[in-house]
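Summary of structural features
Here's the letter readout for the chains.
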Amino acid sequence: MYIKTTRHIKITVVPAYLAEQSDPAEQHYVWAYTIQIENMGQETVQLLNRYWHITDAGGVVQEVRGPGVVGEQPTLQPGNAYQYTSGAALRTPSGIMTGKYGMVTQSGESFLVDIPTFSLDSPDQVKRPN
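So, here is what we can say about the structure in this document. It should be emphasised that the depicted structure is a prediction, and the values quoted were computed from it without experimental measurement.

1. Looking at the nonpolar core
Ile11, Tyr33, Ile35, Ile37, Trp52, Tyr84 and Tyr101 are the most contacted members of the largest nonpolar core, which totals 27 residues. If you list the elements that add at least two residues to this core, you get strand 2 (9-17), strand 3 (29-39), strand 4 (45-56), strand 7 (81-90), strand 8 (94-105) and strand 9 (110-121). Once residues lying within four places of it in the same chain are set aside, the contact partners of Tyr33 are Val13, Val14, Pro15, Trp52, Tyr84, Thr85, Ser86, Gly87, Ala88, Met97 and Phe118.

2. Concerning a nonpolar patch on the surface
Together, Met1, Ile3 and Val14 give the surface a local cluster of nonpolar side chains, amounting to about 320 Å² of exposed area. As for its placement among the helices and strands, Met1 is situated in the segment before strand 1 (2-6).

3. Things to note about the sheet that holds strand 7
Strand order across the open sheet formed by four strands is 1-2-3-7, with antiparallel pairing between neighbours. The two strands at the open ends of the sheet, each matched to only one other strand, are strand 1 and strand 7. Sheet twist, expressed as the mean angle between neighbouring strand axes with direction ignored, is 20°. One ladder, built from ten bridges, connects strand 3 with strand 7; its direction is antiparallel.

4. Some points on the environment of Thr44
When you line up the elements, Thr44 lands in the loop between strand 3 and strand 4. Exposure remark for Thr44: the relative accessible area of 13% places this residue in the buried category. Sequence separation of Thr44 and Asp56 is twelve residues, and the distance between their C-alpha atoms is 36 Å.

5. Focus on the packing of aromatic side chains
Taken as a whole and judged by the stated rule, the model has six aromatic pairs. Measuring from centroid to centroid gives 6.1 Å for Tyr2 and Phe118, while their planes differ by 50°, and the two rings are tilted. Remark: Phe118 occurs in strand 9 and Tyr2 occurs in strand 1; sequence separation between them is 116 residues. Three or more aromatic residues joined by ring pairs form one cluster here, namely Tyr2, Tyr33, Trp52 and Phe118. Over the aromatic face of Phe111 sits the side chain of Arg7, whose NZ or CZ is 4.1 Å from the ring centroid.

6. Description of the pattern of salt bridges
Where charged atoms from two side chains of opposite charge approach closely, those side chains can pair. Counting across every chain of the model gives four salt bridges. Two residues, Lys4 and Asp114, come together in a salt bridge whose shortest N-O distance is 3.8 Å. Highlighted residues: Lys4 in strand 1 and Asp114 in strand 9, separated in sequence by 110 residues. For Arg7, the salt bridge is made with Glu109, and the minimal N-O distance between the two is 2.8 Å. You can see Arg7 sitting in the loop between strand 1 and strand 2 and its partner Glu109 sitting in the loop between strand 8 and strand 9, a full 102 residues away along the chain. According to the relative accessible area criterion, Glu109 is partly exposed, its value standing at 38%. Among the charged side chains, a network of salt bridges with common partners joins Lys4, Lys100 and Asp114.

So, how was this worked out
Residues numbered from 1 in each chain as written. Predicted model: local features only at pLDDT ≥ 70, side-chain atom pairs only at ≥ 80, totals over all residues. Heavy atoms only, no water. Core = buried A, V, L, I, M, F, W, Y, C linked by side-chain atoms within 4.5 Å. Buried < 20%, exposed > 50% of the residue type's maximum accessible area, 1.4 Å probe, protein only. Helix = DSSP H or I, 4+ residues; strand = E, 2+ residues; numbered from the N terminus. Contact = heavy atoms within 4.5 Å. Patch = residues over 30% accessible without salt bridge, like charges linked within 9 Å, V, L, I, M, F, W, Y side chains within 5 Å. Areas by Shrake-Rupley, 256 points an atom, 1.4 Å probe, with all protein chains shown as cover. Salt bridge = Lys/Arg side-chain N within 4 Å of Asp/Glu carboxyl O. Pairing = 2+ DSSP bridges. Axes fitted to C-alpha atoms, helices over the stretch in contact; angles between N-to-C directions. Phe/Tyr/Trp six-rings, centres within 6.5 Å; stacked < 30°, edge-to-face > 60°. Lys NZ or Arg CZ within 6 Å of the ring centre and 35° of its normal.

The structure is reproduced here in structure tokens:
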């Protein structure tokens, strides 16, 4: 579990390797990640867009930008949370993801919320001693 709070917006990420959807022989590795966005502040906010920076074990970077998450732009009143599950596929058995959500307050102020950096790990990754 990975957790980060920015401006009273708490982001919790739980990644999971999906062996049944992965095919290591074809260099295809798939993960699901569940994210909870919790408004711990005093004002209503809306998630407008997302940005992902995904790096595989070989250093190849994918950047993903778009409106909302899973087709929605949720509005969170104080004390409320929104949870969704999405996925990522890589050509290597491990990687990392990090990103930001673009949010706006009810009064129209835009701000960015950090998504905690999290690792995508599979049983097929090579373990190296430190």
